[in-house]
Amino acid sequence: MIEIRNLTKKFGPFTAVDDISFTVEQGEVLGFLGPNGAGKSTTMKMLTGFLAPTHGTAIVCGHDVRTEPRAVKANIGYLPEGAPLYPDMTPLSLLRFVAEIRGYSGTRRNQRIDEVVALVHLESVLHQRIETLSKGFKRRVGLAQAILHDPEVLILDEPTDGLDPNQKHDVRALIKQMAPGKVIVLSTHILEEVEQVCTRAIIIAEGRLCFDGTPEEFRSESRHHHAVSLTVKTETAPDAAQALESLESVATVEVLPSANGTSSFMLFPRENASLVRDVNRFVHDKGWELEHLHVEQGRLDDVFREITQGAASTV
Amino acid sequence: MKQTWIVFKRELGGYFATPVAYVFLVVYLILSGVFTWYIGGFYERDQADLQTFFLYHPWLYLALIPALSMRMWAEERRSGTIELLLTLPIEMAHAVVGKFLAAWCFVGVALALTTTEWLTVNYLGEPDNGIIVAGYVGSMLMAGGFLAIGSCISALTKNQVIAFVITVVACLGFILSGFPAVLDMFQWAPEFLIEATRSFSFLTHFAAITRGVIDARDLVFFTSLIVFFLYINAVFVDLKKAD
Ligand SMILES: Nc1ncnc2c1ncn2[C@@H]1O[C@H](COP(=O)(O)OP(=O)(O)OP(=O)(O)O)[C@@H](O)[C@H]1O
Ligand SMILES: [Mg+2]
């Protein structure tokens, strides 16, 4: 449904998006990650026909943004970064405007507006000027105008940025609810959000694509994926570090800072080793007093940093 | 066409959504009254016409039109709503023309409110209403020219104050290019250049219309000027929208 081919954008000598290609199919929720200035918003602006690519193109629902921008725009619902809205308008008048531009009129227009208003819970502020609304409501008005025409493709640039935890939850629930039958591309700086709502994650850094996979794959890139963190009473386990290192399934042991009287370690497994079982048995056999044992899932922040800084240092 | 109409409606509604519109209308009416009845010396002239009323329109517009046009694109770019507008399924021309027509229509509303002065002269005497109608047509055309220039300049900056100042200067240029004093400065230039300068003067064309003759040349001048600047306007928006 979305096919991005060698998409490139230059601002003067500066390359903001550098030869990015990927495709997104119906039903996918794609999380777009990357450090500040990576080129996420620029990519979205090209995808939605706002900016013309320097090279390459994007095909959305069979239409090329370069040659048929209007057809592309008709198929896309877009929430720009920061959800810009006309401050003098009310949510109702703004939604009417967008609905009319998108070809709705009369009762069908009003019906459709009622539906999205109910979906994003805007009833209480419909007649209030947008500039007087809270950030959460503004964002919801932005979302409402994006989903008004029930588009096949939704592009959301940081839809939960600056929202409180409840609002974030609501927006994510809404995205999940709409996901089947659509293509949704959203950018975010919240890595957990990708796991919660996305079926796929793409990371770009300095305009280049440097990761493309499922959120689980993303997590498993972590050094800490399946590592075991362990805390024992020091008096019962004087030479714990050396002892643990001798274990067959342990690749390396890292000593962690810990509270008085306890020792903490991070154990990294060898390939395919069932580390936690071995460690558990070992601790039991040695008679160490166990305070804490935990299988790490992998740290998203670490992966993110590794991937994006790795990409940066190869420049 | 339909898209232009929808943009037009939103824009025109936008003018009346803020107090700015009412301030503009009141200032416009007061100033045009002051110019006509006092500075223009309506009573001393002892003539039932609106010559003095129209005489000052270029100057009235010089101050007021840039105030109206400065926000047309500058504000759209500053607040980022341009991204909202231009990712809706419309062509650039719809947005540019819709915005322009809304501003023009707003000036039309202001101008329509001055019909009280028209009624007054009809009450006081027997003016040539044909000339007055021509005056209104000329005034609208001139306002359209100023607005097209202002809209175009507004697309170049995110700062409304800068847009205002540059528009005033540009409009002043178009007014003054017909002044003998200005033309004298060009005496060294070849004749065709002087003629060209004169032919770009709003004053020359406006004065011709207010004499009561709506000449095709003056009509063509203003309409082609409007079309030209709106075209440049679209090009500027396209160039500057990303910044
Ligand atoms: N109009 C422009 N002119 C020049 N440079 C630009 C322009 N727009 C964006 N850039 C640059 O392109 C790069 C990518 O910007 P972009 O907004 O796409 O980043 P982003 O990934 O969305 O970042 P963030 O997470 O902060 O939103 C940045 O370095 C930015 O400074
Ligand atoms: Mg961004």
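Here the structure is a predicted model, which means the values were calculated and not measured.

Let's shift gears to the sheet that holds strand β5 (residues 63-64) of chain A. Residue and element names in this part refer to chain A. An order of β2-β1-β4-β5 is seen for the four strands of this open sheet, with the pairing classed as antiparallel. Because the sheet does not close on itself, it has two edges, and the strands there are β2 (14-24) and β5. Taken together, the five bridges between strand β1 (residues 2-11) and strand β4 (residues 55-60) define a ladder with antiparallel strand orientation. Bridge assignment links threonine 8 to a residue of β4, and that residue is histidine 55. Across the sheet, helix α1 (residues 40-47) lies against β1, β2 and β4, angled at about 120 degrees from β1, the strand it touches most.

Moving on, we get to the coordination of the magnesium ion (ligand 2). At 1.9 to 2.8 Å from the magnesium ion (ligand 2) lie its protein donor atoms, namely Ser41 of chain A (OG), Glu81 of chain A (OE) and Glu81 of chain A (OE). Residue serine 41 of chain A is found in helix α1, and its partner glutamate 81 of chain A is found in the loop between β6 (76-79) and α3 (91-101); the two are separated by 40 residues along the sequence.

Moving on: the site of ligand 1. Lining the immediate environment of ligand 1, one finds 16 residues, of which Lys40, Ser41, Thr42, Glu81 and His189 of chain A sit closest. Each of chains A and B places residues near ligand 1. Asparagine 36 of chain A is positioned with one of its side-chain polar atoms (N or O) 2.8 Å from an oxygen atom of ligand 1. The side chain of histidine 189 of chain A places a nitrogen or oxygen atom 2.7 Å from an oxygen atom of ligand 1. Contact with the protein chains removes 70% of the 640 Å² of surface that ligand 1 exposes when unbound. Contributions of two or more residues to the shell around ligand 1 are made by β2 and α1 of chain A. Per element, the largest residue contribution to the shell around ligand 1 is three residues, and it comes from α1 of chain A.

In this section: unusual backbone geometry. One non-glycine residue with positive phi stands out, namely glutamate 158 of chain A, at about 50 degrees. Looking at the element boundaries, glutamate 158 of chain A is found in the loop between β7 (153-157) and α6 (165-178).

Bringing the state of the cysteines into the picture now. Covalent bonding between the sulfur atoms of two cysteines is what defines a disulfide. Within the structure shown, the criterion is met by zero disulfides over all chains. Considering cysteine sulfurs only, cysteine 198 of chain A is the nearest to cysteine 61 of chain A, which forms no disulfide, with 19 Å between them. Here cysteine 152 of chain B stays unpaired: no disulfide links it, and the sulfur of cysteine 171 of chain B, its closest cysteine neighbor, is 11 Å away.

Okay, the domain arrangement of chain A next. Under the domain assignment, chain A is made up of domain 1 (2-220) and domain 2 (228-296). Distance from the C-alpha centre of domain 1 of chain A to the C-alpha centre of domain 2 of chain A: 46 Å.

Thresholds, definitions, all that
- Residues numbered from 1 in each chain as written.
- Chains lettered and ligands numbered in written order.
- Predicted model: local features only at pLDDT ≥ 70, side-chain atom pairs only at ≥ 80, totals over all residues.
- Heavy atoms only, no water.
- Pairing = 2+ DSSP bridges.
- Helix = DSSP H or I, 4+ residues; strand = E, 2+ residues; numbered from the N terminus.
- Contact = heavy atoms within 4.5 Å.
- Axes fitted to C-alpha atoms, helices over the stretch in contact; angles between N-to-C directions.
- Donors = N, O, S within 2.8 Å, 3.2 Å for Na, K, Ca; no water.
- Near = heavy atom within 4 Å.
- Polar contact = N/O pair within 3.5 Å; in protein donor to acceptor, adjacent residues only side chain to side chain.
- Areas by Shrake-Rupley, 256 points an atom, 1.4 Å probe, with all protein chains shown as cover.
- Disulfide = S-S within 2.5 Å.
- Domains from an automatic or database assignment.

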